[in-house]
Amino acid sequence: MRKAIPPTRAKRRSRRRLVTFLIFVGYAVISLSLLGWELHEQGGLFSSDSCELRSGAKEDSWTLDRTYPFVLDHWTQDYSGAVVVVAIEPALAVMQQNVCTARGFTADLLTAIAAERPSVIAIDKFYGRSSCQEGDVATDKLERVVAGLTMPVVVGQSTHAASEDDAKKTQACLVKNPQLSFSDVAANGNEKPLHKSDVFPGLTRLNEDVLRIPLQWPLLDEDASGSAKTGDSFALTTAQQAEPALADERFKKMLKSADQPYANLKGKKLQVLTATQFLCSVYGKDAGDPKWGITCPMNKKDTVDLQGKVVVLGAESDSDYQSVLGEGMYGVELQARYIAALLSKSYLRQISPAWLLLPLALYYAIAELLIPFLHIHREVSWPLFHIKRTMTWTIGFYLTTMVVGVVGPLLFHRFPPLPMLIAITSILVPRLLIEGWALLNERTEEEREEHTA
C-alpha cells in the first residue's frame, strides 16, 4: 500500500490563500449587492432638490413598499389617529358648478368642522384673488368664516416656477401666486375686524419625488421682487401648529439640510371621510343647506370625533391624483400623511458622514489588528482571549458589521449609510486584487516545487 505523500509547504500556503481569496470574493459580493440595493432605493429619493416635478412616480420596490414602512411603524409613535381627512368628492353637485359657488359650500363645511373643536384646520386648497368678481357673496362668506374661526388655520399657497433670470439672481425657485389673504376681514364698514383665528399660508408644492416630505422652498413674493425668502410647506406649517414642540434642535438641523426626508406613506391608514359622510354624521338627514344636494341614508348617523385632532380639508381631483408605491392617492390624503409622518417622526433621513468614521475605524482595527493579535498570542490577559479559528471570527464580525450597519440606522430614522458601504467596498476590491495576485504567485511556487521534486 502506497504511503500518502504529504502536501508541500507551498501547497499548504496555496490552499490557505485560496480560502482567503474566496472569502474576500464573498465579502465583495455582499458589499456590492448592499451598495447597489441602497443606490437603487435612495438614488431617486436624493437625486435632486430641483423645483421641477417629474411626470412619472418612483417605481414600486420591495424595500420602500415593505421594509422601511415596517421599521417605521414599529419604532415610531402612531399619529395616524390624530389626523383626519375630510375630502370633498367630485360627485357633489356643487363641485360641478363654478369655483365661486363651491366657496360657499366650503364655508358651510368649515363651520361644521369647527363645531367639532379640532386643534388645527388645514385647507389643502388655494383661492385665487381674481377667480371671482369683487363682492362675490360666496367668497365674502368664506373669508368671514375663516376669519371667525378660533383655532389655527393653514391655507394652501399656490406657486409657480421662478423665471430663469430670477432663479439665477435670487437662488429662488418658486414665486407666490396672488390669492386671498384671509386676514382682518371687517364685519361692516368701519367696524373692527372679525379676525380671531391665526391664518398661516403653507406651500402646497410637492417634491420631485412624492415619497419625500416637502419642508421648505426658496420663495419670491408675487411680483418676484426682492430677495428670496424661506417658505414653509403646507405639511410643515400644519405640523408645527399642531405640535409647537416639534421644532427642537434636531428638527431645526433637519430643516437646514438639503436632503428632505422620506415619509412613511405606506404605514397605518388615516381616517378619510368624504364631505357627505362628515355632514351626514353631524346633521343626519338634514345635512346642511338643501342647495348643496347632499342625500344622507335614512336613520343612519355615524359618530365622528374631531376634537383635538388635525383636520385636513381638500377636494378629490383627478388632476391631483398621485401614484405612491403602486397605490393611488389624492393629494389631500398625501398632504395628511406628510403631516402625520412629521408629528410622529415617522420618516428617514441621511446619516451624517462624520458618524461613519468611528465604526469604520473600529471595524478595521478589530478585523485587521485585534483578531490576528489574539490568534498569535496564546497567553493574553482578561478580557482578551486566544482565538484559534481566525477566519470564522473574521467572517462573523464582517457579517455582524453589515447587519448592524444596514439595520441599525433604520432604528434611528436614518437610511443605511451609503458612504460606509462605499468605503468598505472600495477597500475590499483592492484587497481582493491583492489576494488574487498572491494566490497566483503561490500557485506558481507550488508548481515550481513539484517540478523540482
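Residues numbered from 1 in each chain as written. Predicted model: local features only at pLDDT ≥ 70, side-chain atom pairs only at ≥ 80, totals over all residues. Heavy atoms only, no water.

## A look at the state of the cysteines
Scanning all chains against the criterion turns up one disulfide. Covalent S-S linkage joins cysteine 100 and cysteine 132, the inter-sulfur distance amounting to 1.9 Å. Of note, the bridge from cysteine 100 to cysteine 132 carries an S-S torsion of about -115 degrees and is left-handed in sense. Here cysteine 100 is found in helix H3 (residues 99–114), whereas its partner cysteine 132 is found in the loop between strand E2 (120–123) and helix H4 (137–148), with 32 residues between them in sequence. (Disulfide = S-S within 2.5 Å. Helix = DSSP H or I, 4+ residues; strand = E, 2+ residues; numbered from the N terminus.)

## Focus: the confidence of the model for the chain
Taken residue by residue, the chain gives an average pLDDT of 75. The fraction at 70 or more is 69%. Of all helices and strands in the chain, the one with the weakest mean pLDDT is helix H1 (residues 9–43) (65), whereas E2 scores best (95). Of the regions scoring below 50 in pLDDT, residues 44–49 engages in 19 contacts with residues more than four places distant in sequence or in other chains. Taken as a whole, residues 186–195 scores under 50 in pLDDT and shows 17 contacts with residues more than four places along the chain or in a different chain. (pLDDT = per-residue confidence, 0-100. Contact = heavy atoms within 4.5 Å.)

## Some words on the sheet that holds strand E3 (residues 153–157)
In sheet architecture, strand pairing relies on hydrogen bonds along the backbone and comes in two forms, parallel and antiparallel. The parallel open sheet is built from six strands, whose spatial order is E6-E3-E2-E11-E1-E10. Each edge of the open sheet is held by one strand with a lone partner, namely strand E6 (199–203) and strand E10 (271–274). Averaged over all pairs of adjacent strands, the angle between their axes in this sheet comes to 25 degrees, without regard to strand direction. Judged from the four bridges that link them, strand E1 (residues 83–88) and E10 form a sheet pairing that is parallel. When the sheet's bridge partners are listed, valine 84 is paired in E10 with glutamine 271. (Pairing = 2+ DSSP bridges. Axes fitted to C-alpha atoms, helices over the stretch in contact; angles between N-to-C directions.)

## Structural notes on unusual backbone geometry
At alanine 224, a residue that is not glycine, the phi angle is positive and equals roughly 60 degrees. Position of alanine 224 among the secondary structure elements: in the loop between strand E7 (216–220) and strand E8 (229–232). Among the residues examined, alanine 224 registers a relative accessible area of 23% and is labelled partly exposed. Look at lysine 345: it is not a glycine, yet its phi comes out positive at around 55 degrees. Here lysine 345 shows up in the loop between helix H9 (331–344) and strand E14 (347–348). The class for lysine 345 is partly exposed, based on a relative accessible area of 31%. (Buried < 20%, exposed > 50% of the residue type's maximum accessible area, 1.4 Å probe, protein only.)

## Some points on the nonpolar core
Of all hydrophobic cores here, the largest spans 42 residues; its most connected members are Val83, Val312 and Tyr338. If one sorts the elements of this core by residue count, H9 sits on top with nine residues. Counting 35 residues, the second-largest nonpolar core is a separate cluster that includes Ile121, Leu142, Met151 and Ala275. (Core = buried A, V, L, I, M, F, W, Y, C linked by side-chain atoms within 4.5 Å.)

## Focus on the side chain of threonine 204
Take threonine 204: it is sitting in the loop between E6 and E7. By relative accessible area, threonine 204 is classed as buried at 16%. With near-sequence residues (within four places) excluded, threonine 204 lies in contact with Asp124, Phe126, Gly156, Gln157, Ser158, Phe234 and Gln335.

## A short note on the packing of H3 against H4
Interhelical geometry of H3 versus H4 gives an angle of 25 degrees and a closest axis separation of 7 Å. Taken together, the axis directions place H3 and H4 in an arrangement best described as roughly parallel. In this structure, H3 crosses over H4, and the sense of that crossing is left-handed. Residues Cys100, Arg103, Gly104, Thr106, Ala107, Asp108, Leu110 and Thr111 of H3 lie in contact with H4, whose contacting residues are Ala138, Thr139, Lys141, Leu142, Val145 and Val146. Here the contact of H3 with H4 is built from residues that sort into seven nonpolar, four polar and three charged. (Parallel < 35°, antiparallel > 145°, perpendicular 65-115°, else oblique. Left-handed = near helix turned anticlockwise from the far one by under 90°. Nonpolar A, V, L, I, M, F, W, Y, C, P; charged D, E, K, R; others polar.)

## Examining the pattern of salt bridges
Within this structure, the stated rule accounts for six salt bridges. Between glutamate 164 and lysine 168 there is a salt bridge, with the nearest N and O atoms lying 3.6 Å from each other. Placement of both glutamate 164 and lysine 168 in helix H5 (residues 164–170) is noted, with a separation of four residues, approximately one turn of the helix. Residue classification places glutamate 164 among the exposed positions, given a relative accessible area of 58%. Judged by its relative accessible area of 58%, lysine 168 is exposed. (Salt bridge = Lys/Arg side-chain N within 4 Å of Asp/Glu carboxyl O.)

## Some points on the sheet that holds strand E4 (residues 159–161)
Pairing within the open sheet is mixed, and its four strands lie in the order E4-E5-E7-E8. On the outer flanks of this sheet lie E4 and E8, each paired with one strand and no other. Going from strand to strand, the sheet's axes swing by 50 degrees on average, the running direction of each strand aside. Sheet analysis places E4 next to strand E5 (residues 174–176), joined by three bridges and oriented antiparallel. The residue bridging threonine 159 from the neighbouring strand is lysine 176, located in E5.

## Considering helix H11 (residues 390–411)
In this model, H11 (22 residues) spans 31 Å end to end at C-alpha, consistent with the 32 Å of a helix rising 1.5 Å per residue. The largest bend in H11 amounts to roughly 25 degrees and is located at glycine 405, with the proline proline 409 lying one to four residues further along. Taken as a whole, H11 has its buried residues at Thr394, Tyr398, Thr401, Met402, Gly405, Val406, Gly408, Pro409 and Leu410. One or two positions beyond H11, positive phi appears at histidine 413, with a value near 60 degrees. (Expected span 1.5 Å × (residues − 1). Bend = angle between axes of the 7 residues up to and from the residue.)

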